[in-house]
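If you want the building blocks of each chain, they are given just below.
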Amino acid sequence: MADDRLRPFRSVLYIPGSKERALEKARELPADAIIFDLEDAVAAEEKPAARALLARVLESHDYGNRARIVRVNGLDTEWGRDDVAAFAGAKIDALLIPKVGSAADLDKVAALAPKQPLWAMMETPLGMLNAASIAAHPRLSGMVMGTNDLAKDLGTRFRPDREPLLAGLGLCLLAAKAHGRIIIDGVYNAFKDEVGLRAECEQGRDMGFDGKTLIHPAQLEIANAAFAPSGAEIDLAMRQISAFEEAEAAGQGVAVVDGKIVENLHVATARRTIARAEAIAALAK
């Protein structure tokens, strides 16, 4: 399994665990990660069969460099424990736990699957308020915003700027960054609206999210582009690093690039930009 701190998560695509054709097609899609969904995307009567199908597919199919994340049903449902048991020893990158409200929710799953990394769906008001303790859990690797469920619980109306959700998004971002966790933005429902998707991807990127969850393959190209460093950003990062190294060699603590001061903190950001670009390039090999 790759180090999540270095691995790109620009595009994280939900795939229903009950759809064999979709599971097969996902092997060819340019997604950085796949969430194999046994929860919302699978009808109640199909859940046991979907679990068996997904276990068989993940055992036999190669998904290349894509991160493989299984979203199980909650332990408060009749399917949750069997889901966790089925994938506790599977060759996947994480179990994604729905509606995590506290660190205690992660404790329960961790006890049933002691070797699997855990990711948390952050989609309830209680989860927002407990984001810091959830992110601090020693078994947690990543967090996923469940903005549809959060909006439902808050009773908000849709706004392109997502202003009603910004408090929750910000709390989870702060918690994830404080503890070095991956954090993925919520879905954009209008999968044919490329302009709206691009705007929301850019908003999430600028806030600090590592990538975006997606509901349709048609959204992959836009998310991959939005969450990757641009050519101009890479060029600037390289020039900042070079200028600062030259300044240091001359005994100076700062450099100037394009009329702006470059200090240690700017160089650290520049190095992360280069490392991210290299990690994205490595996915294609």
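Cut-offs applied
Residues numbered from 1 in each chain as written. Predicted model: local features only at pLDDT ≥ 70, side-chain atom pairs only at ≥ 80, totals over all residues. Heavy atoms only, no water. Pairing = 2+ DSSP bridges. Helix = DSSP H or I, 4+ residues; strand = E, 2+ residues; numbered from the N terminus. Axes fitted to C-alpha atoms, helices over the stretch in contact; angles between N-to-C directions. Polar contact = N/O pair within 3.5 Å; in protein donor to acceptor, adjacent residues only side chain to side chain. Phe/Tyr/Trp six-rings, centres within 6.5 Å; stacked < 30°, edge-to-face > 60°. Buried < 20%, exposed > 50% of the residue type's maximum accessible area, 1.4 Å probe, protein only. Parallel < 35°, antiparallel > 145°, perpendicular 65-115°, else oblique. Left-handed = near helix turned anticlockwise from the far one by under 90°. Contact = heavy atoms within 4.5 Å. Arc of directions from axis to C-beta.

**Let's talk about the sheet that holds strand S3 (residues 67–71)**
A barrel is described by the order of its strands in space; here eight strands give the closed sequence S1-S2-S3-S4-S5-S6-S7-S8, paired in parallel fashion. Taking the axes of each pair of neighbouring strands and ignoring which way they run, one obtains an average angle of 25 degrees across the sheet.

**Details of the side chain of Glu-200**
Tracing the backbone through its elements, the reader meets Glu-200 in helix H9 (residues 194–207). A distance of 2.9 Å separates a polar atom in the side chain of Glu-200 from a polar atom in the side chain of Lys-212.

**Topic: the packing of aromatic side chains**
Inspection of every chain in the model, using the stated rule, returns two aromatic pairs. Aromatic pair Phe-9 and Trp-119: ring centres 5.3 Å apart, planes at 55 degrees, arrangement tilted. Within this pair, whereas Phe-9 is found in the segment before strand S1 (11–16), its partner Trp-119 is found in strand S5 (residues 118–122), the two being separated by 110 residues in sequence. When sorted by exposure, Phe-9 lands in the same class as Trp-119, which is buried. Note on Phe-36 and Tyr-63: the rings are 5.2 Å apart at their centroids and 75 degrees apart in plane angle, and the pair reads as edge-to-face.

**Observations concerning the packing of helix H2 (residues 47–60) against helix H3 (residues 80–87)**
Put simply, H2 and H3 touch, their axes get as near as 10 Å, and they point 10 degrees apart. Classified by the interaxial angle, the pair formed by H2 and H3 is roughly parallel. The way H2 lies across H3 gives a crossing that is right-handed. Taking contact as the criterion, the partners of Arg-51, Leu-54, Ala-55 and Leu-58 in H2 are, on H3, Asp-82, Asp-83, Ala-86 and Phe-87.

**A short note on helix H4 (residues 103–112)**
All buried positions along H4 are accounted for by Ala-103, Leu-106, Val-109 and Ala-110. Projected down its long axis, H4 carries its buried residues within an arc of 120 degrees, all on one side. Residues of H4 that are exposed and point over 90 degrees away from its buried face: Lys-108 and Ala-111. As for H4, its buried residues are in contact with H3, strand S4 (94–97), S5, helix H6 (131–135) and strand S6 (140–145).

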